[in-house]
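One letter stands for each residue in the lines below.
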Amino acid sequence: MSLHKEISFEDEVCEYLKVHDWLYSVGDATDYDRELALFPADVLAWVEATQPKEWQTLTKNHGSKANETLLKRLRDQLNQRGTLDVLRNGIELLGLKEPLKLAQFKPSLAMNPDVIARYQANRLRVIRQVRYSLNNQNAIDLVLFLNGIPVATVELKTDFTQSVADAVDQYRFDRLPVMKGHAEPLLSFPNGALVHFAVSNSEVQMVTKLEGAATAFLPFNQGNDGGAGNPPNPKGHPTAFLWEQVWARESWLEILGRYLIAKRDKKKKITKVIFPRFHQLDVTRKLLSSVLKDAPGTKYLVQHSAGSGKTNSIAWTAHFFAE
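Summary of the structure given here. (Residues numbered from 1 in each chain as written. Predicted model: local features only at pLDDT ≥ 70, side-chain atom pairs only at ≥ 80, totals over all residues. Heavy atoms only, no water.)

Reading across the sheet, the 6 strands line up as E1-E2-E3-E6-E7-E8 and stay open at both edges, with mixed pairing between neighbours. One side of each edge strand has no neighbouring strand; the edge strands of this open sheet are strand E1 (124-131) and strand E8 (218-219). (Pairing = 2+ DSSP bridges. Helix = DSSP H or I, 4+ residues; strand = E, 2+ residues; numbered from the N terminus.)

Turning our attention to empty space enclosed by the protein. Taken as a whole and assessed by the stated rule, the structure comprises 1 cavity of 30 Å³ or more. Looking at the largest cavity, its volume works out to about 30 Å³. (1 Å grid on protein atoms, 1.4 Å probe; cavity = no way out; pocket = protein on both sides within 12 Å on 5 of 7 lines; lining within 4 Å. Points joined across faces, edges and corners; volume = space filled by probe spheres on them.)

What follows covers the side chain of Gln 170. In this fold, Gln 170 is placed in helix H7 (residues 164-174). Residue Gln 170 is classed as buried on the basis of its relative accessible area of 16%. Ignoring anything within four residues of it in the chain, the contact list for Gln 170 reads Glu 155, Lys 157 and Arg 175. (Buried < 20%, exposed > 50% of the residue type's maximum accessible area, 1.4 Å probe, protein only. Contact = heavy atoms within 4.5 Å.)

Attention now goes to the pairing of strand E3 (residues 149-156). Within E3, 8 of the 8 residues are buried, which leaves the element mostly enclosed by the surrounding structure. Relative to E3, strand E2 (residues 139-146) is paired through 5 bridges, and the arrangement is antiparallel. From the neighbouring strand, Val 143 faces E3, where its bridge partner is Thr 153. Here E2 folds back onto E3, and the loop between the two strands holds 2 residues, one of which, Asn 147, carries a positive phi near 50 degrees. Inspection of the sheet shows E3 paired to strand E6 (residues 195-199) by 5 bridges, in the parallel sense. For Glu 155, the partnering residue across the bridge sits in E6 and is Ala 198.

By the element assignment, Asn 79 lies in helix H4 (residues 66-81). Judged by its relative accessible area of 42%, Asn 79 falls in the partly exposed class. Separated by 111 residues in sequence, Asn 79 and Pro 190 place their C-alpha atoms 7.8 Å apart. Of the polar contacts made by the side chain of Asn 79, one reaches the side chain of Arg 75; its length is 2.9 Å. (Polar contact = N/O pair within 3.5 Å; in protein donor to acceptor, adjacent residues only side chain to side chain.)

Taken as a whole, this structure holds 16 aromatic pairs when the rule is applied. Judged by centre distance (5.7 Å) and plane angle (75 degrees), the ring pair of Phe 197 and Phe 220 falls under edge-to-face. Taken together, the residues Phe 197 in strand E6 and Phe 220 in the loop between E8 and helix H8 (240-246) connect sequence positions 23 residues apart. For the pair shown, Phe 197 and Phe 220 are each scored as buried. Ring geometry for Tyr 259 against Trp 316: centres 5.4 Å apart, planes inclined by 55 degrees, an arrangement best described as tilted. In this pair, Tyr 259 sits in helix H9 (residues 249-259) while Trp 316 sits in helix H11 (residues 310-322), placing the two residues 57 residues apart along the sequence. We classify Trp 316 as buried; its relative accessible area is 4%. Here the basic side chain of Arg 258 rests over the ring of Phe 320, its NZ or CZ set 4.0 Å away from the ring centre. (Phe/Tyr/Trp six-rings, centres within 6.5 Å; stacked < 30°, edge-to-face > 60°. Lys NZ or Arg CZ within 6 Å of the ring centre and 35° of its normal.)

Right, let's talk about the environment of Asn 191 for a bit. Here Asn 191 shows up in the loop between strand E5 (182-183) and E6. On a C-alpha basis, the gap between Asn 191 and Lys 272 in space is 12 Å, while along the polypeptide they are 81 residues apart. Contacts of Asn 191, omitting those with residues within four sequence positions, involve Arg 75, Leu 78, Asn 79, Gly 82, Thr 83 and Pro 185. Of the polar contacts made by the side chain of Asn 191, one reaches the side chain of Asn 79; its length is 2.9 Å.

Below is the structure:
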């Protein structure tokens, strides 16, 4: 019964995304390349559609091995530089004058028609039951992709038999970034998925770096009448805001393009990736919206508790105002 309910939960999330500008097909998991941790068809389709001249050069230089060359180079660059840097800055390939773009985020001033066309061509895809491991047949409930590159993983649990804590424990004990001495590309940091969500009908938690039993998840909830959790949703699950609002196409691309922050040490090695919590997204977006419509000089009061990320909320807001 619990498995049936969880499958129904998956169905509901995927079908919603499918009718709201995401790509979804039941059989997609068979085309996922677990060694490269990529969905090759979308990588190739994105490049061919958005950068035809560069694609032509690749096929001219590498012939029948153009696809293999591109995908291998992409994985190498992900391993060396991290997923966030590759998505934002592209990769260099021999024979190309400019870096090959792997995504197009919305510019502050949307004036260039080529940039707008690339932005609209972004391929968001959700794949369910992804067998990701090089060491076993474990499957993650959902993986979210941008142009064939995995950006989020999701474990779903239904409150009928389990809770969000069970999804968290699944990540901590069964979704290990290293198995038998070998890294799992999808779950590795910082070259795998950028964020991992534990989701039940009532609560959401998230983390950007899996570290086995030491992994510390953070709440990703709206709050409920001044308390923890989420308010009741008369139209469905209390956590529906995640796929209806946060993963909405414009919202999700903005988060990936503008919000995520990679922290580096003195050797420029990425040590941490910051993903905004829901209240941080909420406050920055509300402030931007209000300032655009309110009269100059309007005063605002933003309440935050200790440890809630005030510094990042202020930094994001100031940065977006400057833009």
